[in-house]
Amino acid sequence: MNNNSKSIEAFRLAQNHIPGGVNSPVRAFQQVGGTPLFMSHAKGAYLYDLDGNSYIDYINSWGPMILGHGHAEVVKAVQSQAQQAFSFGAPTCAEVDMAALIKKMVPNIDLIRMVSSGTEACMSAVRLARGFTKKNKIIKFEGHYHGHADSFLKKAGSGLATLGIQQEGGVPKCVADDTLIATFNNIEQIEKIIEQQHTEIACIILEPVAGNMGCVLPQKNFLERIRTLCTQHNIVFIMDEVMTGFRLARGGAQEKLNVWADLVTYGKVIGGGMPVGAFGGRKDIMSCIAPLGNVYQAGTLSGNPIAMAAGYTTLSILNNTPSIYQQLERATQQLKNAFEIHFKTKQKEVQINQCGSMISLHFCTQPVTNFSTASAGNNETFKQFFHHCLAHGVYLPPSPFETWFISAAIQDAEIKKTIDVVTAFHW
Ligand code: PLP
């Protein structure tokens, strides 16, 4: 067993000053129990905690660190920008370079606006869809998470699912009533909702590959049919690529699945570990944003130069090195194949979902295709599995409602160790 005494003491102190001792609820280990580890530093594929223990990192800051921690070029770009200025609140060429690079990587983006988080990106995209269509309602899917704005908390995945929050405190009923909930991969249900309410529906927002209820893939023709319905009924199709953007391919899930939205939202990888989000898409829709139009959206630190330096350098590396995506997919498939063979041999029912460098394990018997099947997993087994991995130096998300993220720094040695640790788990 690792010595965690410094983390335990740090967490005790933290709870005197910060609600629950954490600045984002999923870090609190509430579902799995025990003390969250306080980190000291990270390099490549590894995290190091206050007590000096090291872990292979499968959270990667919940997605951003696709190149691994402390990538030399990214660190250099940030250091060099920090010498120039932290922030101006005036336009910079770095923002133009960033927008131009994203347009090159994602062909259906005509205009793109930077913000500072995925939440901001999604809430701004929804306001824009409402302003463009002059309609109020939105459709979102059970178990999908689009940040913590009022419209998104109903039946959300991620921390709300982890903590079992059913009644979202502080959200006005009139706002929640405008959010219609649908089941992922149930196209008949969507067709029915649209048939009945299309004159009121401004947008459909979804995670093309869901990562906030484990990793859950769209079934054949599901996204394609939504694309068609949106076009037919003047509904803005928003793909939330905060997790999948620049991760599943240069052009994100849109490119990997060959389905193209009207608006796309980004976060995580786009900032290379700095607080960045963005939303972009069709010119006629994006032109409704102030100062061009009357849909207002703004941000003191939007397009922050240091954040742009980290994000631009990360995206440039991904754009110039397509082999990274092949390597990520290969490594993740290696994990999947080894786990599948092992659990089959042991006659254990475990569902393993994988897409690109996202993967999740569910301790249940039925395939996981939506939130209710994801919720059928055995939580007690997950807890034991999580702590087994942690004790053996493999750092997983502390919830079955979260995907693992593989980074390019995870190489053969880390894959081998992870397979050894996972296959040594008995229940
Ligand atoms: N959208 C998705 C798909 C996410 O996974 C997240 C965060 O995990 C968000 C939006 C919100 O992003 P942020 O936490 O940067 O506000």
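Bear in mind the structure is a predicted one, so any value in this text is a computation, not a measurement. (Residues numbered from 1 in each chain as written. Predicted model: local features only at pLDDT ≥ 70, side-chain atom pairs only at ≥ 80, totals over all residues. Heavy atoms only, no water.)

**Regarding the overall build of the protein**
Reasoning step 1: Along the backbone of the protein there are 15 helices and 14 strands.
Reasoning step 2: Here the C-alpha radius of gyration of the protein, 21 Å, is about what a compact globule of 427 residues would show, namely 22 Å.
Reasoning step 3: By principal-axis analysis of the C-alpha atoms, the protein measures approximately 60 × 55 × 45 Å.
Reasoning step 4: Split into buried and exposed, the 427 residues of the protein put 56% on the buried side.
Reasoning step 5: For the protein, the proportion of contacts with a sequence separation of at least 24, taken over those separated by at least 6, is 73%.
Reasoning step 6: Here the protein has roughly 18,100 Å² of accessible surface; of this, 52% comes from carbon and sulfur atoms.
Reasoning step 7: Taking the 35 positively charged and 33 negatively charged side chains of the protein as two groups, their mean positions are separated by 1 Å. (Helix = DSSP H or I, 4+ residues; strand = E, 2+ residues; numbered from the N terminus. Rg over C-alpha atoms; globule rule 2.2 N^0.38 Å. Buried < 20%, exposed > 50% of the residue type's maximum accessible area, 1.4 Å probe, protein only. Contact = heavy atoms within 4.5 Å. Areas by Shrake-Rupley, 256 points an atom, 1.4 Å probe, with all protein chains shown as cover. Lys, Arg positive; Asp, Glu negative; His and termini not counted. Charge placed at Lys NZ, Arg CZ, Asp CG, Glu CD.)

**Details of the site of the ligand**
Reasoning step 1: Taken together, S117, G118, T119, Y145, H146, G147, E207, N212, D240, V242, M243 and K268 make up all the residues around the ligand.
Reasoning step 2: G118 has a polar backbone atom sitting 2.9 Å from an oxygen atom of the ligand.
Reasoning step 3: Y145 is positioned such that a nitrogen or oxygen atom in its backbone is 3.2 Å from a nitrogen atom of the ligand.
Reasoning step 4: Grouping the amino acids of the shell around the ligand by side-chain chemistry returns three nonpolar, six polar and three charged. (Near = heavy atom within 4 Å. Polar contact = N/O pair within 3.5 Å; in protein donor to acceptor, adjacent residues only side chain to side chain. Nonpolar A, V, L, I, M, F, W, Y, C, P; charged D, E, K, R; others polar.)

**Remarks on the pattern of salt bridges**
Reasoning step 1: For the coordinates displayed, the defined rule picks out eleven salt bridges.
Reasoning step 2: Where K173 meets D177, a salt bridge forms, and the shortest distance between an N and an O atom there is 2.7 Å. Taken together, the residues span about one helical turn, with K173 and D177 both in helix α6 (residues 173-177) at a distance of four residues.
Reasoning step 3: On the accessibility criterion, K173 (61% relative accessible area) is exposed.
Reasoning step 4: What makes D177 partly exposed here is its relative accessible area of 36%. (Salt bridge = Lys/Arg side-chain N within 4 Å of Asp/Glu carboxyl O.)

**Quick word on the sheet that holds strand β6 (residues 179-182)**
Reasoning step 1: Read from one edge to the other, the open sheet built from seven strands follows the order β4-β10-β9-β8-β7-β5-β6, with strand pairing classed as mixed. Only two strands of the sheet have a single partner each, and these edge strands are β4 (111-115) and β6. Averaged over all pairs of adjacent strands, the angle between their axes in this sheet comes to 20°, without regard to strand direction.
Reasoning step 2: One ladder, built from four bridges, connects strand β7 (residues 201-206) with strand β8 (residues 236-240); its direction is parallel. Opposite I205, over in β8, you have I238 as the bridge partner.
Reasoning step 3: On top of the sheet, helix α7 (residues 187-197) reaches β5 (137-141), β6 and β7; it is set at about 150° to β6, its chief contact. (Pairing = 2+ DSSP bridges. Axes fitted to C-alpha atoms, helices over the stretch in contact; angles between N-to-C directions.)

**Section: the pairing of β5**
Reasoning step 1: Most of β5 sits inside the fold, with five of its five residues counted as buried.
Reasoning step 2: A two-sided burial pattern is seen for β5, the buried positions comprising K137, I139 and F141 on one face and I138 and K140 on the other.
Reasoning step 3: Bridge analysis of β5 against β7 gives three bridges, and the strand direction is parallel. Among the inter-strand pairings, I139 is bridged to a residue of β7, identified as I204.
Reasoning step 4: Summarising the sheet, β5 and β6 pair through four bridges and their orientation is parallel. Pairing of K140 across the sheet is with I181, part of β6.

**Here we look at the sheet that holds strand β13 (residues 394-395)**
Reasoning step 1: Overall, mixed pairing links the four strands, which are arranged β1-β2-β3-β13 in an open sheet. At either end of the open sheet lies a strand with only one pairing partner, and these are β1 (39-43) and β13.
Reasoning step 2: By the bridge criterion, two bridges tie strand β3 (residues 54-57) to β13 in an arrangement that is parallel. Counted as the bridge partner of I56 is V394 from β13.
Reasoning step 3: Each of β2 (46-49), β3 and β13 touches helix α15 (residues 412-423); the most contacted strand, β3, lies at about 100° to it.

**Brief notes about the packing of aromatic side chains**
Reasoning step 1: Across all of its chains, the model carries 16 aromatic pairs by this definition.
Reasoning step 2: With a centroid separation of 5.9 Å and 75° between ring planes, the pair formed by F141 and F184 is classed as edge-to-face. Placement of the pair is F141 in strand β5 and F184 in the loop between β6 and α7, with a sequence separation of 43 residues.
Reasoning step 3: What links up through ring pairs into an aromatic cluster is the set F343, F363, F385, F425 and W427.
Reasoning step 4: Sitting over the face of the ring of W427, K348 holds its NZ or CZ atom 4.7 Å from the ring centroid. (Phe/Tyr/Trp six-rings, centres within 6.5 Å; stacked < 30°, edge-to-face > 60°. Lys NZ or Arg CZ within 6 Å of the ring centre and 35° of its normal.)

**Some thoughts on the nonpolar core**
Reasoning step 1: Counting 69 residues, the largest nonpolar core has Y58, I102, F246, I270, L315 and L318 as the members making the most contacts within it.
Reasoning step 2: If we ignore the near neighbours within four places in the chain, the residues touching Y58 are L335, V394, Y395, L396, P397, W404, F405, I406, I410, E414, I415 and T418.
Reasoning step 3: Counting 31 residues, the second-largest nonpolar core is a separate cluster that includes F141, A182, I190 and A374. (Core = buried A, V, L, I, M, F, W, Y, C linked by side-chain atoms within 4.5 Å.)

**Notes on the side chain of T265**
Reasoning step 1: Summarising the element assignment, T265 is placed in strand β9 (residues 263-266).
Reasoning step 2: A residue is classified by how much of its surface remains accessible, and T265, at 0% relative accessible area, is buried.
Reasoning step 3: T265 has contacts with A121, C122, A125, I238, M239, D240, E241, V242, A278 and F279, leaving out every residue within four places of it along the chain.

**Some points on the packing of α7 against helix α8 (residues 222-232)**
Reasoning step 1: At a minimum axis separation of 10 Å, α7 and α8 run at an interaxial angle of 10°. Viewed along their axes, α7 and α8 adopt a mutual orientation that is roughly parallel. Each of I187, I190, E191 and I194 in α7 lies in contact with α8, whose residues at this interface are F222, R225, I226 and L229.
Reasoning step 2: Considered class by class, the residues forming the contact of α7 with α8 number six nonpolar, no polar and two charged. (Parallel < 35°, antiparallel > 145°, perpendicular 65-115°, else oblique.)

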